[in-house]
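# Architecture at a glance
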Amino acid sequence: MELDELETRTLEIKESRRRVENKRKTDSEEERDDDEMMSESPCDSVHSMHETPSKATKWENGCDSLNLIKEAVVVLTRLPEYKISALRPPTPPQFYSEDESLSSSDSDMPWESEEDSSDSDFSVLNKTSKSTTRTPAVPTTSNNSNVFAHCSHETTKIRPDLPEEDIKVDMMVLARRRPMRWQRGKIVEIITKEDGRLKYKVSFEEKGKCLVSGHHIAFDTRPKVEQLYVGARVVVRCQNNKFRFRPGILAELPSRKNQFRFLVFMDDHTPVYVGLPLFHLVCRPLDEVLDDVPDGPHKCFMRQYLKDWPYPRLNKYRAGQSFNVELNGVQQRCEVLAVDCSLIQIVFQENQRREWIFRGSMRLEHIARFLELKEREEAKDDSDSD
């Protein structure tokens, strides 16, 4: 009996093995047919290039099954250049920052000059003749890159031939109260002199009135980009008093070289880097802008600077370097603390006074020595020619 059961058991095992073999053959033939069908389909063949099939046989409840496991493949595609440019972030908006510091310095140079002076009678008549070279106007835009592209144009030295903005009664302006002190006020009356000159009576916010010429008032609004040029007459908001302003001349327009800032030389020879919201254009500047700058070394410096621009004389300095700089008429030893584009911050060894100075300033020992030698050579040439 046990022998019969053993034989029966053996036959069942053989039969089971036969069924498994038949099952495997059938699955293999179906798989081969599927592969042939996939190779015949053009669309499927493209996808098969990005798939890695893996076969695994599993036994469940006494039978096996064939599973196809797909692995994800990352395909990198290079974008066209125009798409890459569109995805780049815009230029940083520090050019328009209202909170921007007046300059990168913490200069101890005082902002106020207490000299009393009255308005000059040298007034500007209605200009009938201007430069024949016209600077093309660029539409004002909020796109900083366009602003920088226009301002960094190295031929922007000629005053643009644009229509003059009207000056009206009740208009808010910045007016000169003293040579180095301008304040905000309102035009209360426009007076025409017998010779045709116009005078503007301004009532200041901080009390008081004065009668000034057109080159001693400035617009209270932000300058337009197309109005800007090297040599423009401007007034700059004081760092320690936002209600007071100082006059100066625009010396650099924004570019990558100066980190997209304006350089202005104040009439007391102080250089400052400023943003657009911190300075204002004079309403009716003189044809010869230097006629409005007080006589002295700074006026001579500005005349030479505008003559040499866009290649002014600049010395190279590094932090820690020591040399002499003029202070109160005397050459004194100082050390360079920092370099910021066209400016250097120095500290005088004697009194630890700090200030920012232009790298081509006549106060620098090297520049003063160069100018002295140049004057001697010119004087010698003149004597030889006589």
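The present account deals with the structure reproduced in this document. (Residues numbered from 1 in each chain as written. Predicted model: local features only at pLDDT ≥ 70, side-chain atom pairs only at ≥ 80, totals over all residues. Heavy atoms only, no water.)

What follows covers the pairing of strand β5 (residues 198-204). When strand β4 (residues 181-192) meets β5, the two strands line up antiparallel, connected through 7 bridges. In the strand pairing of β5, Gly185 is matched with Phe204. The antiparallel pairing of β4 with β5 creates a hairpin that spans 5 residues between the two strands, and Gly196 there sits at a positive phi of about 95°. Between β5 and strand β6 (residues 209-212), which follow one another and run antiparallel, lie 4 residues, and Lys207 among them has a positive phi close to 70°. (Pairing = 2+ DSSP bridges. Helix = DSSP H or I, 4+ residues; strand = E, 2+ residues; numbered from the N terminus.)

Compared with the 16 Å implied by 1.5 Å per residue over 12 residues, the 17 Å span of helix α5 (residues 297-308) between its first and last C-alpha is a close match. Those residues of α5 lying buried are His298, Lys299, Phe301, Met302, Tyr305, Leu306 and Asp308. Check the buried side of α5 and you find it contacts β9 (244-252), β10 (262-266) and β16 (354-358). (Expected span 1.5 Å × (residues − 1). Buried < 20%, exposed > 50% of the residue type's maximum accessible area, 1.4 Å probe, protein only. Contact = heavy atoms within 4.5 Å.)

Another point: the pattern of salt bridges. In this structure the tally under the stated criterion is 16 salt bridges. A salt bridge links Glu355 to Arg363; the shortest N-O distance between them is 2.7 Å. Owing to a relative accessible area of 13%, Arg363 belongs among the buried residues under this scheme. Counted as one network, the salt bridges with shared partners bring together Glu326, Arg353, Glu355 and Arg363. (Salt bridge = Lys/Arg side-chain N within 4 Å of Asp/Glu carboxyl O.)

This next bit is on the packing of aromatic side chains. The tally for this structure, following the rule as stated, stands at 8 aromatic pairs. Plain terms: the ring middles of Phe265 and Phe358 are 5.0 Å apart, the flat faces sit at 90° to each other, and that makes the pair edge-to-face. Of this pair, Phe265 sits in strand β10 while Phe358 sits in strand β16, and the two are 93 residues apart along the sequence. Here Phe358 falls in the buried class, since its relative accessible area comes to 2%. Aromatic pair Tyr305 and Phe358: ring centres 5.8 Å apart, planes at 75°, arrangement edge-to-face. (Phe/Tyr/Trp six-rings, centres within 6.5 Å; stacked < 30°, edge-to-face > 60°.)

The next point concerns the nonpolar core. Counting residues in hydrophobic clusters, the biggest one holds 34 residues, and the most contacted among them are Phe279 and Tyr305. Breaking this core down by element, the ones donating at least two residues are β8 (233-237), β9, β10, β11 (271-274), β12 (279-281), α5 and β16. If one sorts the elements of this core by residue count, β10 sits on top with 5 residues. (Core = buried A, V, L, I, M, F, W, Y, C linked by side-chain atoms within 4.5 Å.)

What follows is about the sheet that holds β16. Read across the open sheet, the 4 strands follow the order β13-β14-β15-β16; overall the sheet is antiparallel. For this open sheet the edge positions go to β13 (322-327) and β16, each flanked by a neighbour on one side alone. Averaged over all pairs of adjacent strands, the angle between strand axes in this sheet comes to 50°, irrespective of strand direction. Summarising the sheet, β13 and strand β14 (residues 330-340) pair through 6 bridges and their orientation is antiparallel. What sits directly across from Ser322, in β14, is Glu335. (Axes fitted to C-alpha atoms, helices over the stretch in contact; angles between N-to-C directions.)

A contiguous patch of negative charge, built from Glu375, Glu377, Glu378, Asp381, Asp382 and Asp384, is present on the exposed surface. By the secondary structure assignment, Asp381 is in helix α6 (residues 365-385). Residue class for Asp381 comes out partly exposed when judged on its relative accessible area of 49%. (Patch = residues over 30% accessible without salt bridge, like charges linked within 9 Å, V, L, I, M, F, W, Y side chains within 5 Å. Areas by Shrake-Rupley, 256 points an atom, 1.4 Å probe, with all protein chains shown as cover. Lys, Arg positive; Asp, Glu negative; His and termini not counted. Charge placed at Lys NZ, Arg CZ, Asp CG, Glu CD.)

Our next topic: the environment of Gly275. Summarising the element assignment, Gly275 is placed in the loop between β11 and β12. Spatially, the C-alpha atom of Gly275 lies 9.0 Å from that of Leu263, the residues being 12 residues apart in sequence.

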